[in-house]
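So you can see what is in the structure, the chains are spelled out below.
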Amino acid sequence: MIGARLEGMLDGGPVFEPGSVWLVGAGPGDPGYLTVNAIRALQQADTVLHDALIDDRILDLARPEAHRIFSGKRAGIHSIDQAALCARMVDLARSGQRVLRLKGGDPMVFGRGGEEMLRLAEAEIPFRIIPGVTAGLAAMAVASIPATLRDVNRAVVFATGHAAPDTDETDWAALAALGQPLVLYMALRRIDGIARELIAGGLPPATPLAVISSATRPDEEILISSLGAVAEDRQRYNIEPPAIVVVGDIVKTRERLLRVAPAFAGAIA
Ligand SMILES: C[S@@+](CC[C@H](N)C(=O)[O-])C[C@H]1O[C@@H](n2cnc3c(N)ncnc32)[C@H](O)[C@@H]1O
């Protein structure tokens, strides 16, 4: 019954026209976070250009005859050639292919989806954006840390710890002064310096901090620390990227949950 209903949903929705590009979010890792529209895209695409760390069970939803092209960063190689990748997408679309650019998380959150969309528009290639569950939200959810809580915060800041080489450094003191939770992408390798700058910007060293690594994947890990202790804790527990770092009192909600309902300890430890 549910199978027929799902099939009905998969049959409807937007049609992937030949000569167009869809920028699609694959979610944080676990295929369970894939959207129905992402599956529709996989089932219609002629070529799938995909990032690293996309689960094979997701890639296997593409049509068997679809051409799969790895377009992510490989270990040891700093970055892929973004201009060449965009040129390839444009060429494939101009040759009449349905081109699916499959990215981890959400394509428009620190994922270069914005640049790719602008390039496609310049080349007059029709495109569509299919959002995905971004790692920041997924990581907070698996750690039982809400993005917003009425008595704690009224805003939430998503920031990158790894600014593009030709852009200004992030003003960490300005972010500290906001007094709102910070959700940091690509920040783990530089977290010691970032924590120092946030403390210099006025946040107390005791400010709670969570590192959530490989959220929703089988090797998921959660480290609860503080701005003052994270440098030591991250070495001691050897936590590795990909990780989201959450900074702020919102992290205490996890402890609060344990106090309210200790039975949850097993579920969130
Ligand atoms: C280039 S950004 C891409 C973000 C992606 N577009 C999104 O919306 O999640 C890569 C960063 O996302 C974070 N990330 C991606 N997947 C993650 C996961 N499963 N668990 C924790 N962090 C993750 C890490 O901070 C990683 O360095």
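Residues numbered from 1 in each chain as written. Predicted model: local features only at pLDDT ≥ 70, side-chain atom pairs only at ≥ 80, totals over all residues. Heavy atoms only, no water.

With that settled, the discussion passes to the site of the ligand. Lining the immediate surroundings of the ligand are 18 residues, of which Val109, Thr134, Ala135, Met186 and Ala243 lie closest. Residue Gly104 places a main-chain N or O atom 3.1 Å away from a nitrogen atom belonging to the ligand. In the environment of the ligand, a nitrogen atom lies 2.7 Å from a nitrogen or oxygen atom belonging to the backbone of Val109. When the free accessible area of the ligand is taken as 570 Å², the share hidden by the protein chains comes to 84%. Per-class residue counts for the shell around the ligand are 11 nonpolar, five polar and two charged. When residues are assigned to domains, the shell around the ligand turns out to be shared by domain 1 (2-132) and domain 2 (136-268), each giving three or more. (Near = heavy atom within 4 Å. Polar contact = N/O pair within 3.5 Å; in protein donor to acceptor, adjacent residues only side chain to side chain. Areas by Shrake-Rupley, 256 points an atom, 1.4 Å probe, with all protein chains shown as cover. Nonpolar A, V, L, I, M, F, W, Y, C, P; charged D, E, K, R; others polar. Domains from an automatic or database assignment.)

Tallied over the full model, the rule gives 16 salt bridges. The partner of Glu65 in a salt bridge is Arg63, with the nearest N and O atoms 2.9 Å apart. Taking the relative accessible area as the measure of exposure, Arg63 reaches 25% and is therefore partly exposed. Where Glu255 meets Arg259, a salt bridge forms, and the shortest distance between an N and an O atom there is 3.9 Å. With a gap of four residues between them, Glu255 and Arg259 both fall in helix α10 (residues 253-260), about one helical turn apart. Residue Glu255 is classed as partly exposed on the basis of its relative accessible area, which comes to 45%. With a relative accessible area of 61%, Arg259 lands in the exposed category. Linked through salt bridges whose partners overlap, the residues forming this network are Asp46, Arg63, Glu65 and Arg98. (Salt bridge = Lys/Arg side-chain N within 4 Å of Asp/Glu carboxyl O. Buried < 20%, exposed > 50% of the residue type's maximum accessible area, 1.4 Å probe, protein only. Helix = DSSP H or I, 4+ residues; strand = E, 2+ residues; numbered from the N terminus.)

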